[in-house]
Amino acid sequence: MPEVKDQSIHVRYKACFARISKFKRKFLEAAMRFYELSQLLDPAERLQCLETAIVCAVMAPAGPQRSRQLATLYKDERSIELPVFGILEKMFLDRILRKDEFTKFVQFLKEREEPLATVDGHTTVLDKAVREHNLLSASRVYNNIKFEELALLLDVDADDAEKLASTMISENRMQGHIDQLERIIYFQEQNSLELWDSHIAAACNTVNSLIDLLAAKHPAFLDQVTRAQ
């Protein structure tokens, strides 16, 4: 909406876009949008948007992109004030989420009246996200793991554990390979170039958020700078 100069309209548009992304289960996109809103809206609404951004990031598919978003949210000084900071910290630090911690977060979502849609009729989006997270966390701890041991860790059967690992590897959300004869998953560490790329992407996201914040606070100044270019 570059032709619209009223910043309040831009903010309302961003808010609608964030809600639509969440409704469509595009949780990573929604987390980014709600985080932007947490810097643009009135102070009374900012923490609520930040909390929603964290919830969306938790439910997003595990992988490098979500890790970058978790890093942005974790480094925000306001996050520690929120009841969801505990699960945010564990996911950012790649720690395996225990069953009691998962249950506590589910109860928080119920109190918040947050809908938990199902993926296949019985597995919720949150179930899937937490299993993916725990698998990714396991890949940081183990060099390899048998299907049966991974199944116990994820609270699924061995075939489902293999299928989940295979999906994440094929989608480049986790590094490794599977030996189906020996029924073992071998994990590989993320290389330094990929880590460097992730840091650059996180910095770009931060700069974009700052530009949006500047546009909301001082639209005339930003318009003057844009014209000068």
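Residues numbered from 1 in each chain as written. Predicted model: local features only at pLDDT ≥ 70, side-chain atom pairs only at ≥ 80, totals over all residues. Heavy atoms only, no water.

(A) Here's a closer look at the overall build of the protein. Looking only at helices and strands, one finds 11 helices and 3 strands in the protein. Helices and strands in the protein line up, N terminus first, as α-α-α-α-α-α-α-β-α-α-β-β-α-α. Residues classed as buried in the protein amount to 41% of the 229 residues present. Long-range contacts, defined here as pairs at least 24 residues apart, represent 57% of the contacts in the protein between residues at least 6 apart. Split by element, the accessible area of the protein, about 13,500 Å² in all, is 54% carbon and sulfur. (Helix = DSSP H or I, 4+ residues; strand = E, 2+ residues; numbered from the N terminus. Buried < 20%, exposed > 50% of the residue type's maximum accessible area, 1.4 Å probe, protein only. Contact = heavy atoms within 4.5 Å. Areas by Shrake-Rupley, 256 points an atom, 1.4 Å probe, with all protein chains shown as cover.)

(B) Main features of the side chain of Lys90. Mapped onto the elements, Lys90 comes out in helix α5 (residues 85-92). With relative accessibility at 13%, the residue Lys90 sits in the buried group.

(C) Expanded view of a negative patch on the surface. Together, Asp120, Asp157, Asp159 and Asp160 make up a negatively charged patch on the protein surface. Inspection of the secondary structure puts Asp157 in the loop between α8 (147-154) and α9 (158-170). Among the residues examined, Asp157 registers a relative accessible area of 43% and is labelled partly exposed. (Patch = residues over 30% accessible without salt bridge, like charges linked within 9 Å, V, L, I, M, F, W, Y side chains within 5 Å. Salt bridge = Lys/Arg side-chain N within 4 Å of Asp/Glu carboxyl O. Lys, Arg positive; Asp, Glu negative; His and termini not counted. Charge placed at Lys NZ, Arg CZ, Asp CG, Glu CD.)

(D) Representation of the side chain of Thr123 within the structure. As for its position among the elements, Thr123 is in the loop between α6 (99-111) and α7 (125-141). For Thr123, a relative accessible area of 11% corresponds to the buried category. Residues in contact with Thr123, not counting those within four places in the same chain, are Ala117, Thr118, Lys128 and Arg131.

(E) Representation of the packing of α7 against α8 in the model. Where α7 contacts α8, the axes come no closer than 10 Å and their chain directions differ by 130°. It follows that α7 is oblique to α8 by the angle criterion. Judged by the twist between their axes, the crossing of α7 over α8 is right-handed. Packed against α7, whose contacting residues are Arg131, Asn134, Leu135 and Ala138, the element α8 presents Leu150, Leu153 and Leu154 at the interface. A per-class count over the contact of α7 with α8 returns 5 nonpolar, 1 polar and 1 charged. (Axes fitted to C-alpha atoms, helices over the stretch in contact; angles between N-to-C directions. Parallel < 35°, antiparallel > 145°, perpendicular 65-115°, else oblique. Left-handed = near helix turned anticlockwise from the far one by under 90°. Nonpolar A, V, L, I, M, F, W, Y, C, P; charged D, E, K, R; others polar.)

(F) Just the nonpolar core, in detail. Within the largest apolar cluster, 39 residues are counted, with the highest numbers of intra-cluster contacts made by Phe34, Leu37, Ile54, Leu73, Val84, Phe105 and Leu126. Ranked by the residues each element gives to this core, the list is headed by helix α3 (residues 43-59), at 9 residues. Not counting the four nearest positions on each side in its chain, Ile54 is found in contact with Leu73, Ser79, Leu82, Val84 and Leu88. Grouped together as the second largest cluster of nonpolar side chains are 17 residues, Ile145, Leu150, Ala165 and Phe187 included. (Core = buried A, V, L, I, M, F, W, Y, C linked by side-chain atoms within 4.5 Å.)

(G) Structural view of α8. Within α8, the full set of buried residues consists of Phe147, Leu150, Ala151 and Leu154. Seen end-on, α8 carries its buried residues on one side only, within an arc spanning 105°. Looking at the packing, one finds that the buried side of α8 touches α7, β1 (144-146), α9, β2 (176-179) and β3 (184-187). Positive backbone phi, approximately 60°, marks Asp155, located one or two places after α8. (Arc of directions from axis to C-beta.)

(H) The arrangement of the pattern of salt bridges in detail. For the structure on display, the rule yields 15 salt bridges. Two residues, Arg78 and Asp76, come together in a salt bridge whose shortest N-O distance is 2.8 Å. Classification of Asp76 as buried rests on a relative accessible area of 11%. Between Glu114 and Arg112 there is a salt bridge, and its shortest N-O distance comes to 2.5 Å. Judged by its relative accessible area of 22%, Arg112 falls in the partly exposed class.

(I) Quick look at α9. The first and last C-alpha atoms of α9 sit 18 Å apart over 13 residues, in line with the 18 Å expected at 1.5 Å per residue. Buried within α9 we find Ala158, Ala161, Glu162, Leu164, Ala165, Met168 and Ile169. Seen end-on, α9 carries its buried residues on one side only, within an arc spanning 165°. Exposed residues lying more than 90 degrees from the buried face of α9 are Asp159, Lys163 and Ser170. N-capping of α9 is provided by Asp157, with a side-chain oxygen placed 3.3 Å from the backbone N of Asp159. At the C-terminal side of α9, Asn172 shows a positive phi close to 60°. (Expected span 1.5 Å × (residues − 1). Polar contact = N/O pair within 3.5 Å; in protein donor to acceptor, adjacent residues only side chain to side chain.)

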